[in-house]
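Geometric and topological summary
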Amino acid sequence: MRLKELEGYLQQVDGFENPKVDLEQYPTTPHIAAHMLYTMDTSFGDIEGKLVGDLGCGCGVLSIGSCILGSAMTIGFDIDSDALEIASRNCVEFESDNFELVQCDVQHILPCHKWKKKFDTIVMNPPFGTKNNKGIDLEFLQLAIAMANTSVYSLHKTATREHIKKKAIEWGVKLDVLAELRFDLAASYKFHKRKTVDIAVDFIRIDCSATSSAHGPSNSH
Amino acid sequence: MDLKLVGSGEEEVSNVVVNEVDFNPEFISRMIPKVGRSEGLPAEVIPDYENDEEFLKKVHHVLLEVQVEEGSLVCPETGRKFPIKNGIPNMLLNEDEV
Ligand SMILES: C[S@@+](CC[C@H](N)C(=O)[O-])C[C@H]1O[C@@H](n2cnc3c(N)ncnc32)[C@H](O)[C@@H]1O
């Protein structure tokens, strides 16, 4: 599948109807989502035939794209039932019969959660932690690393790059910044009156194969 | 689906649908060590299962094709139930569990 073709499909994925600002509900644009997924698949072979997880899947644009690129199965996780309902409709619309959804709070996962290293790849666009939920970006990352046995792909504010690099060293994983992107968040929340402010965002890849046999990151920050 | 996938629970099933999904023997073989015992799966993993197409097809069916629309997942250790609505398991914790 060509990149343009993938982007074309992702333009047809429905987005949030009434985005909840406190949950940082803005979608990954089809353009960015297609580039992320395409890179994951063609440069790293991390999608086709893999078990892929999407944390904070929202309406599921990353999950649907991963199904389109031939993941064996993709499981999306989100806290919000309204978003999951839209994701579920998108799933039917795209006939992605290997796409499953689970409602859960990434910050309050059962202590005995059994997803440890069960996934090959995690892809996500987590909340940045700017809406009274400071630190949630790192909580998403930590859980993702605990769940994946190969790699995690995520988006983080470029401003936090050095901090995340330090955390990666602490957790014993290898971090690469694959691309620096621009997000136009004001345009995502249509009701915002503010003028457009671009935010610099890093597209990162974390290689977690080294933590697969070890314990992975512990629960302390 | 998910608890089955991760092998920690038994379901209380009240509404099941079956969708046909493409059979990918390589993926199913990789999943077998990850899934625990669960309702509907063959009780024992047979030796050399990678080459047993019939066995892999059974697991494929249970893992990917059988979808619980309404029901619940039960944690075998604590008895805690997680409801499934419209095929989506709700694993949110209650206030007192957080
Ligand atoms: C930036 S949006 C990304 C949505 C979607 N992944 C996409 O790429 O279009 C972040 C998502 O995280 C979800 N979210 C926020 N806090 C969460 C939490 N504690 N647990 C699980 N999901 C959460 C929101 O509901 C929202 O759908």
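Residues numbered from 1 in each chain as written. Chains lettered and ligands numbered in written order. Predicted model: local features only at pLDDT ≥ 70, side-chain atom pairs only at ≥ 80, totals over all residues. Heavy atoms only, no water.

Definition in use: UniProt positions are given in the numbering used here, feature names are shortened, and annotations may be inferred rather than shown by experiment.
Labelled according to an unreviewed UniProt entry, chain B appears under the name Multifunctional methyltransferase subunit TRM112-like protein, originating from Acropora cervicornis. Among the UniProt annotations of chain B, the heading Sequence similarities (unreviewed entry) holds the following wording: "Belongs to the TRM112 family."

The name that an unreviewed UniProt entry assigns to chain A is rRNA N6-adenosine-methyltransferase METTL5, with the source organism given as Acropora cervicornis.

1. Focus on helix α6 (residues 161–171) of chain A
Residues and elements named next belong to chain A. Rule in force here: When accessible area is computed with a 1.4 Å probe and restricted to protein chains, residues below 20% of their type maximum are described as buried, those above 50% as exposed, and intermediate ones as partly exposed. Under the DSSP-based scheme used, a helix requires at least four consecutive residues in state H or I and a strand at least two consecutive residues in state E, with every element numbered from the N terminus. Throughout, the arc means the angular range of directions from the helix axis out to the C-beta atoms.
All buried positions along α6 are accounted for by Ile 164, Lys 167, Ala 168 and Trp 171. Within α6, the buried residues cover an arc of 105 degrees as seen down the axis, which keeps them to one side. Exposed positions of α6 whose direction lies more than 90 degrees from the buried face are Glu 162, Lys 166, Ile 169 and Glu 170.

2. Quick notes on the packing of aromatic side chains
We describe a pair of aromatic rings using the distance from one ring centre to the other and the angle between the two ring planes. Residue and element names in this part refer to chain A. Put simply, the test is: Stacked, edge-to-face and tilted labels apply to pairs of Phe, Tyr and Trp rings (six-membered ring for Trp) whose centres lie within 6.5 Å, assigned for plane angles under 30 degrees, over 60, and everything in between, in that order.
This model, assessed by the stated rule, comprises seven aromatic pairs over all chains. The interplanar angle of 55 degrees and the centroid separation of 6.1 Å between the aromatic rings of Phe 128 and Phe 183 together place this pair among those described as tilted. Of this pair, Phe 128 sits in the loop between β4 (119–124) and α5 (136–147) while Phe 183 sits in strand β6 (residues 174–184), and the two are 55 residues apart along the sequence. One exposure class covers both Phe 128 and Phe 183, and it is buried. Within the aromatic cluster, the residues linked to one another by ring pairs are Tyr 26, Phe 128 and Phe 183.

3. Here's the deal with the sheet that holds strand β3 (residues 99–103) of chain A
Residue and element names in this part refer to chain A. The cut-off we apply is this: Think of it this way: DSSP has to see at least two bridges between two strands before they count as a pair. Only the stretch in contact is used when fitting a helix axis, every axis being a line fitted to C-alpha atoms; angles between N-to-C directions are given from 0 to 180 degrees. Contact criterion: two residues are considered in contact whenever any of their non-hydrogen atoms come within 4.5 Å of each other.
Read across the sheet, seven strands follow the order β3-β2-β1-β4-β5-β7-β6 without closing on themselves; strand pairing throughout is mixed. Unpaired on one side and paired on the other, β3 and β6 mark the two borders of the sheet. Put simply, the sheet's adjacent strands are angled 20 degrees from each other on average, direction ignored. The sheet contacts of helix α4 (residues 81–93) involve β2 (73–78) and β3, and relative to β3 the element is tilted by about 170 degrees.

4. What about a negative patch on the surface?
Heads up, the rule is: Note that patches include only residues with greater than 30% relative accessible area and no salt bridge, and the join distances are 9 Å for like charges and 5 Å for nonpolar side chains (Val, Leu, Ile, Met, Phe, Trp, Tyr). All accessible areas in this document rest on Shrake-Rupley with a 1.4 Å probe, and a residue is counted as covered only by the protein chains that are shown. The term salt bridge refers to a side-chain nitrogen of Lys or Arg lying within 4 Å of a carboxyl oxygen of Asp or Glu. Lys and Arg are tallied as positive, Asp and Glu as negative. Neither His nor the chain termini are counted. Here the site of a charge means atom NZ of a Lys, CZ of an Arg, CG of an Asp or CD of a Glu.
There is a patch of like negative charges on the surface, built from A:Asp14, A:Glu93, A:Glu95, A:Asp97, B:Glu20 and B:Asp22. Here A:Glu93 is to be found in helix α4.

5. What about the interface of chain B and chain A?
So the rule is basically this: Summed over both partners, buried area is the accessible surface (1.4 Å probe) that two parts give up on being assembled.
On the chain A side, the residues contacting the 24 residues of chain B number 24 residues. Taken over both partners, the interface formed by chain B and chain A buries close to 2200 Å², and the fraction arising from carbon and sulfur atoms is 64%. It is B:Lys34, B:Ile88 and B:Leu92 that lose the most area in chain B upon contact with chain A, and together they represent 23% of the buried surface on that side. At the boundary of chain B with chain A, the tally comes to one salt bridge.

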